[in-house]
Amino acid sequence: LTATELAAVRADFPLLTRTVRDGKPLVYLDSAATSQKPECVIDAEQDYYLRRNAAVHRGAHALAEEATEAYENARAAVAGLVGIDTDELVWTKNATEGINLVAYAFSNASLGRGGTAAEQFRLGPRDEVVVTEAEHHANLVPWQELCARTGATLRWLGVTDSGRIDTGTLDVIGDRTRVVAFTHVSNVTGAISPVAEVVGAARRAGALVVLDACQSVPHLPVDLRALDVDFAVFSGHKMLGPTGIGALYGRRELLEAMPPFGTGGSMVEVVTMTETTYAAPPQRFEAGTQMVAQTVGLHAAADYLTELGMAAVAAHEAELTAHLLHGIGQIDGVRVLGPTDPADRVGVVAFTVDGVHPHDVGQLLDDAGIAVRVGHHCAQPLHRRLGAQSSARASVGLHTTTAEIDQFCAELARVRQFFLGETVTGGALA
Ligand code: PMP
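Criteria and cut-off values
In this numbering scheme, every chain counts its residues from 1 along its sequence in written order. Local features in this predicted model are restricted to residues of pLDDT 70 or higher, and side-chain atom pairs are both shown and tallied only at a pLDDT of 80 or more, whereas totals for entire chains, interfaces and linings draw on every residue. To get the side-chain values, take all heavy atoms of the structure and skip hydrogens and water. The cut-offs for exposure are 20% and 50% of the maximum accessible area for each residue type, with area from a 1.4 Å probe on protein chains only; residues under the lower value are buried, those over the upper are exposed, and the others partly exposed. Numbered from the N terminus, helices here are DSSP runs of H or I no shorter than four residues, and strands are runs of E no shorter than two. An arc is given here, and it is the one of the directions from the helix axis to the C-beta atoms. Should any heavy atoms of two residues lie within 4.5 Å, those residues are considered in contact. For this document, the term salt bridge refers to a Lys or Arg side-chain nitrogen within 4 Å of an Asp or Glu carboxyl oxygen. Note on patches: the residues involved have over 30% relative accessible area and no salt bridge, like charges join within 9 Å, and the nonpolar side chains Val, Leu, Ile, Met, Phe, Trp and Tyr join within 5 Å. Note on areas: these come from Shrake-Rupley sampling with a 1.4 Å probe, and a residue is covered only by the protein chains present in the view. A single heavy atom is enough: if one lies within 4 Å of a molecule or strand, its residue is considered near that molecule or strand. Under this definition, polar contacts are N or O atom pairs within 3.5 Å; protein pairs additionally need one hydrogen-donor-capable and one acceptor-capable atom, and for neighbouring residues in sequence, both atoms have to be side-chain atoms. Per residue, pLDDT measures the predictor's confidence, with a range of 0 to 100. Both site types are read off a 1 Å grid over the protein atoms alone. A 1.4 Å probe that fits but cannot get out defines a cavity, while an open set with protein on both sides within 12 Å along at least five of seven lines defines a pocket; lining residues have an atom within 4 Å of a point. Grid points are joined across faces, edges and corners, and a volume is the space filled by probe spheres set on the points. Under the scheme applied here, ten amino acids are nonpolar (Ala, Val, Leu, Ile, Met, Phe, Trp, Tyr, Cys and Pro), four are charged (Asp, Glu, Lys and Arg), and all others, including Gly, are polar.

Asker: For this particular structure, what's the right way to read helix α11 (residues 358-367)?
Answerer: Residues spaced three or four apart along an α-helix face the same direction, because each turn holds 3.6 residues. Taken residue by residue, α11 has Pro358, Val361, Gly362, Leu364 and Leu365 as its buried positions. Along α11, the residues classed as buried sweep out an arc of 165° about the axis, all on the same side. The secondary structure elements touched by the buried residues of α11 are β14 (348-353), β15 (370-371), β16 (373-375), β17 (391-395) and α13 (402-420). A positive backbone phi angle near 90° is found at glycine 369, which sits one or two residues after α11.

Asker: Whenever I open this one, the pattern of salt bridges confuses me. Can you help?
Answerer: Side-chain pairing between opposite charges can occur once the charged atoms of the two side chains come close. Under the definition given, this model contains 20 salt bridges. Between arginine 393 and aspartate 30 there is a salt bridge; the shortest N-O distance is 3.7 Å. Taken together, the residues arginine 393 in strand β17 and aspartate 30 in the loop between β3 (27-28) and α2 (39-52) connect sequence positions 363 residues apart. For aspartate 30, a relative accessible area of 14% puts it in the buried group. Across the pair glutamate 119 and arginine 122 runs a salt bridge whose closest N-O atoms are separated by 2.8 Å. Judged by relative accessible area, arginine 122 falls into the partly exposed class, the value being 41%.

Asker: I keep staring at a nonpolar patch on the surface and nothing clicks. Help me out?
Answerer: The grouping of Phe418, Phe419 and Leu420 at the surface amounts to a nonpolar patch, some 260 Å² of accessible area in total. Along the chain, the position of leucine 420 falls in helix α13. A relative accessible area of 36% places leucine 420 in the partly exposed class.

Asker: Any chance you could explain unusual backbone geometry here in plain terms?
Answerer: With glycine set apart, most residues show a phi of negative sign, and most peptide bonds adopt trans. The step from proline 281 to proline 282 runs through a cis peptide bond, and the omega angle for that step is 0°. The phi torsion at leucine 240 lies on the positive side, around 75°, for a residue other than glycine. Summarising the element assignment, leucine 240 is placed in the loop between β9 (231-235) and β10 (246-250). Residue leucine 240 is classed as buried on the basis of its relative accessible area of 6%. In this model, serine 266 sits at a positive phi of 75°, which is unusual for a non-glycine residue. Checked against the element boundaries, serine 266 lands in the loop between α8 (252-257) and β11 (268-271). The class for serine 266 is partly exposed, based on a relative accessible area of 31%.

Asker: Whenever I open this one, the site of the ligand confuses me. Can you help?
Answerer: The environment of the ligand is made up of 13 residues, and the closest members are Thr96, Asp212, Gln215, Ser235 and Lys238. One nitrogen or oxygen atom from the side chain of glutamine 215 is found 2.7 Å from an oxygen atom belonging to the ligand. A distance of 2.7 Å is found between a nitrogen atom of the ligand and a side-chain nitrogen or oxygen belonging to lysine 238. Across the complex, the protein chains shield 90% of the 400 Å² of accessible surface that the ligand would expose by itself.

Asker: I would appreciate a short explanation of the environment of valine 217 in the present structure.
Answerer: Among the secondary structure elements, valine 217 is positioned in the loop between β8 (208-212) and α7 (224-227). For the pair valine 217 and valine 233, spaced 16 residues apart in the sequence, the C-alpha separation amounts to 9.5 Å. Residues contacting valine 217, with those up to four places away along its chain left out, are Leu81, Val82, Val222, Phe234, Met239 and Met310.

Asker: Quick question: what am I supposed to make of the confidence of the model for the protein here?
Answerer: Low-pLDDT stretches of the model should not have their predicted coordinates read in fine detail. Of the residues in the protein, 96% reach a pLDDT of 70 or more, and the chain-wide mean stands at 95. Note that residues 426-430 has pLDDT below 50 and, in this model, 6 contacts with residues that lie over four places away or in other chains. Scored as a whole, the predicted complex attains pTM 0.96, and scored at its interfaces, ipTM 0.99.

Asker: How do you make sense of empty space enclosed by the protein when you look at a structure like this?
Answerer: Unoccupied space between atoms shows up once a probe the size of one water molecule is rolled over them. Inspection of the entire model under this criterion finds 4 cavities of 30 Å³ or more. The space that makes up the largest cavity amounts to roughly 90 Å³. Surrounding the largest cavity, 13 residues form its lining, Ser35, Pro218, His219, Lys238 and Leu240 being those nearest its centre. Considering only residue class, the lining of the largest cavity consists of 6 nonpolar, 5 polar and 2 charged. Lining the second largest cavity are Val56, His57, Arg58, Tyr71, Ser266, Gln283, Glu286, Gly288, Thr289 and Gln290. In the lining of the second largest cavity, the residues fall into 2 nonpolar, 6 polar and 2 charged.

Here it is, written out as structure tokens:
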């Protein structure tokens, strides 16, 4: 993005103009947790409530028709952004729900009702589910639970010292593997996974692939069909959209063979007092009144990203990431978790500061108006693997500037001086 384009982008985000902590301009470096929203997203959601609000897929009146159209148009726009067909996108409340929905399909809950196609989701004690040590808890706990319910065994690919999925451990995927679930981009290290290698191993084993695309869809051009995965999930709130809306991609023939997750209204065809036939996907997986306003907001977010172009977003963020890694690299006693080569990662940068607890790091930065996240970022096993209890994490958004990164690095340089009394070059302690 040129300076002019970046200024225009920033002007689209009302929240970025506010100050925090006694008038300090906000430096928002927590987009990996949730993104800020451009005004068009907020407007779209409000406009929906002001002018078009109605329950979708029911009622013959004009508003119901318009609301249904808005809901389905949003599905098409978001599907288009990630290169899939509209009817292969199921709305969920977030990525976590999407993973639970897929895991539930394997829990043998409706075998006997789903016909022979459902057999491919049968899971038993001889079967294995493979994840990685780099997963967000959202892509780990549902698989642990599934294994507990079915007697299947959970196995995992290892992670290298630099936080990448260790392709040397791909032989964990074998004849018994039925599902391989892994993240596209780590929410801790920002590492971009070797998707082709993992998918290749899964294919050779005849296993289904579930991709957690939460941290890739907002930051990189993502074509789910080209990645050749069977399922993928992502969350609206991390990609400039509202909270309360996420998406699950499933290959059509798989969705057709899957049992519903929630049951009730809106997902049925014929209901008698004893039996029910289910609607075709994606409606089968959208039980009850849906989050229409949120889909409309997410539609605006998808349009916003499409208009900027994901390649331009990725290029801008790659510059920021390189600048951030270089800046942190100049500061003594700060260790970055994850790949040091900017080409291997996105702008999600977790780090530890020798001798200083991440919460103290976060608080000092917060005093300067800089928002970062601290803790284990819902990835305890990965932290354990990388030898850290917890970390602080700075993550960029498409509105982030190099000046903000410089300010962050200057404050970070003062952290050890503040807590440990060390002399640090650059910037006197206020
Ligand atoms: N996976 C990854 C990689 C994430 O970063 C997150 C959100 N931190 C999730 C899954 C879960 O997303 P949500 O909380 O929106 O369901």
